Amino acid sequence: MASGPEHGLKWIVWQRIKNSILEDCKKPGLWKVLILDQFTTQLLSSCCKMSDLMSEGITIVEDLYKIREPVPEMKAIYFITPTAKSVEAFIKDFKPKAKYKAAYVYFTDSCPDALFNKIKLECARHIRVCKEVHISFLPQESQVFTCNNAGAFKSIYSPHSEDRGKMLDTLADQIVTLCATLNENPGVRYKKESSVQYAKQLAEMVDRKLEDHYRLDSGVKKEKTQSQLLIVDRGFDPVSPVLHELTYQAMAYDLLPIEKDTYRYKMKDGSEKEALLNESDELWGRLRHMHIAQVTEQIPRLVKEISASKKTPDSKISIGGLANLMKKMPSFRKQVAQKTVHLNLAEDCMNSYQGKIDKLCQVEQDLAVGMDVEGQKVKDPMRTLLPVLLPPKDRYTKHDKIRAVLLYIFSLNGTTEENLNKLIEHVEITGEQEYILNWKELGVPIISSPGLLSMFRKSTRRDRSQDGMYSVSRWTPVIKDVMEDAVENKLQDWPHVSGAPMAWNGSRAVSARQKHKASADDHHGSSKLIIFILGGVSFSEVRCAYEVTQATKGCEVFIGSSHILTPTGLLNDIQGLSSLPKQQFTIEKERSSS
């Protein structure tokens, strides 16, 4: 069975692959080879296991680009992207001599005519099936998707970009395949008042491509379904991806060196372990959106649960003790292993927080919210920021100081050039001021001016003062307000590109502020709200999609972007916006030397 909750995005994608590809060419007792390229390998890995593939008659999974032994008695399924590189590699498998008995070719998206004609010319007699299945996005979680393209950030927002239009077109194609996978033809909307217009351009492209995709043979276009797609530029909320977020998933990915969802840790005996943080870990699914304070409360209960099952006194249970239990009782290994992972992960998070960034988080919240923990308005943001800039210099890392300075600037909607220069000097990034200055490329005011302020007006926020919250976690991502307004049919200044859904499900959805506990059945056949943030989505924004879905009865929220970002990754991407493309850099260098 595919990983992830049933009816989640991963499950939907697996069903689509199974029905469109594997069952399309399945015969009882006949085994096949499945050949994948880099993207489709990631796609399959995200939504199924090898055992799932074997149950569908797949005996071997191969890499398209690696040297493979011919298996002329077996038929091969090719699930590949419609690129020149993939097509060339496919053709080589059948020229001059065929490696397989026959080929069943499935493309992730529309194949360009030139590539299709090339395949037809070179390999037509070997091909039994050639289809386009339209799945060119990655289901990251049950309600989260990405276009698997971190490089899109620079292509879109760099002032030196040479492929912005091409990148927007590619992203539009990928978003359309998401909508097709969900069987939705949503009303497409964008934020009207924005100092950059890339989201509007993308929204117009998506709307046009959706119409083309759903155009019937008779030429009559498919009506809009009860769903909405909101597309917004990354600069609409610069605060959320910069703040230190203290919910479990966001905190772990921010403070710890987690790469490709893999967490590496050391046991008490010095042995090194690693764990994959995804929805196949049921405990991760339960804990990931909790505040770290709640997670640390949960850990003793989990330890107590294990000790009770083994009649071991609570006081004797430790991480080392859990390791011993695993050796003695194989039936409990998986359960205990998961809890051991989270004991270590929560401990590592807290070690990176306490005495290091705990006071910094308080400063960040005051600047972001504009009020202190007592509810008093912050009248002098510089006074709030000052403790971060004061000696000792090594109290906070360079990136932590930059994040605090950015939140100060965001709170003022830009500062004076003189003040900015002083801040850059204090943080000691005189040669790296792009970390701060380049936010202007996202339409975020850094140096204040009357014209920019009118373009970048802060939206009125929902009152959440009655919500139970921690003093170091008072900020709520702006996208949550947008989600709740969309669900309640109260969204203002978000025009539709063309048609609106015939009957948006706002009336059926209860208020996202109410404490409704949704069940899986509540969302079966419900309306869908799809959010696409152009330029990366943060884990705090991801969490909002789950929270709003849980709080509503008739609407399921999906959120995605070109990629999932972390604060450090975003700062590095921001700094990199100034760099010239390689070819242009070479020309500039030659000119200066001459």
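See the structure above.
Just so it is clear, the structure is predicted and the values come from calculations on it, not from any experiment. (Residues numbered from 1 in each chain as written. Predicted model: local features only at pLDDT ≥ 70, side-chain atom pairs only at ≥ 80, totals over all residues. Heavy atoms only, no water.)

Engineer: Before we move on, could you go through the overall build of the protein and cite the residues and values that matter?
Structural biologist: Assigned secondary structure in the protein consists of 23 helices and 13 strands. Pairs at least 24 residues apart make up 78% of the contacts formed inside the protein by residues separated by at least 6 positions. Just so you have it, the protein exposes about 28200 Å², and 51% of that area is on carbon and sulfur atoms. (Helix = DSSP H or I, 4+ residues; strand = E, 2+ residues; numbered from the N terminus. Contact = heavy atoms within 4.5 Å. Areas by Shrake-Rupley, 256 points an atom, 1.4 Å probe, with all protein chains shown as cover.)

Engineer: Run through the sheet that holds strand 3 (residues 71-80), naming residues and quoting values.
Structural biologist: What links the strands of a sheet is backbone hydrogen bonding, and the strands pair in either a parallel or an antiparallel sense. Strand order in the open sheet formed by five strands is 2-1-3-4-5, with parallel pairing between adjacent strands. The open sheet has two free edges, formed respectively by strand 2 (58-63) and strand 5 (127-132), since each of these has just one partner strand. The average angle at which neighbouring strand axes cross in this sheet is 20°, direction not considered. One ladder, built from five bridges, connects strand 4 (residues 100-107) with strand 5; its direction is parallel. Paired with alanine 103 across the strands is isoleucine 127, a residue of strand 5. Contacting strand 2, strand 3 and strand 4, helix 1 (residues 9-22) runs over the sheet at an angle of about 135° to strand 3. (Pairing = 2+ DSSP bridges. Axes fitted to C-alpha atoms, helices over the stretch in contact; angles between N-to-C directions.)

Engineer: Which residues make up the sheet that holds strand 6 (residues 138-141), and what are the values?
Structural biologist: Reading across from one edge, 6-7-13-12-9-8 is the order of the six strands in this open sheet, with mixed pairing throughout. Since the sheet does not close on itself, it has two edges, and those belong to strand 6 and strand 8 (187-190), each with one partner. The sheet shows a mean angle of 25° between the axes of neighbouring strands, taken without regard to direction. Pairing of strand 9 (residues 227-233) with strand 12 (residues 527-534) involves seven bridges; the strand directions are parallel. If you follow serine 227 over to strand 12, its bridge partner there is lysine 528. With respect to the sheet, helix 7 (residues 164-181) is in contact with strand 7 (144-146), strand 9 and strand 12, its orientation differing from that of strand 12 by roughly 160°.

Engineer: Tell me about the nonpolar core, residues and numbers included.
Structural biologist: Residues Phe79, Leu202, Val206, Ile436, Trp439 and Met483 are the most contacted members of the largest nonpolar core, which totals 150 residues. The element best represented in this core is helix 7, accounting for nine residues. With 22 residues, the next largest nonpolar core counts Val33, Ile91, Ala103 and Cys123 among its residues. (Core = buried A, V, L, I, M, F, W, Y, C linked by side-chain atoms within 4.5 Å. Buried < 20%, exposed > 50% of the residue type's maximum accessible area, 1.4 Å probe, protein only.)

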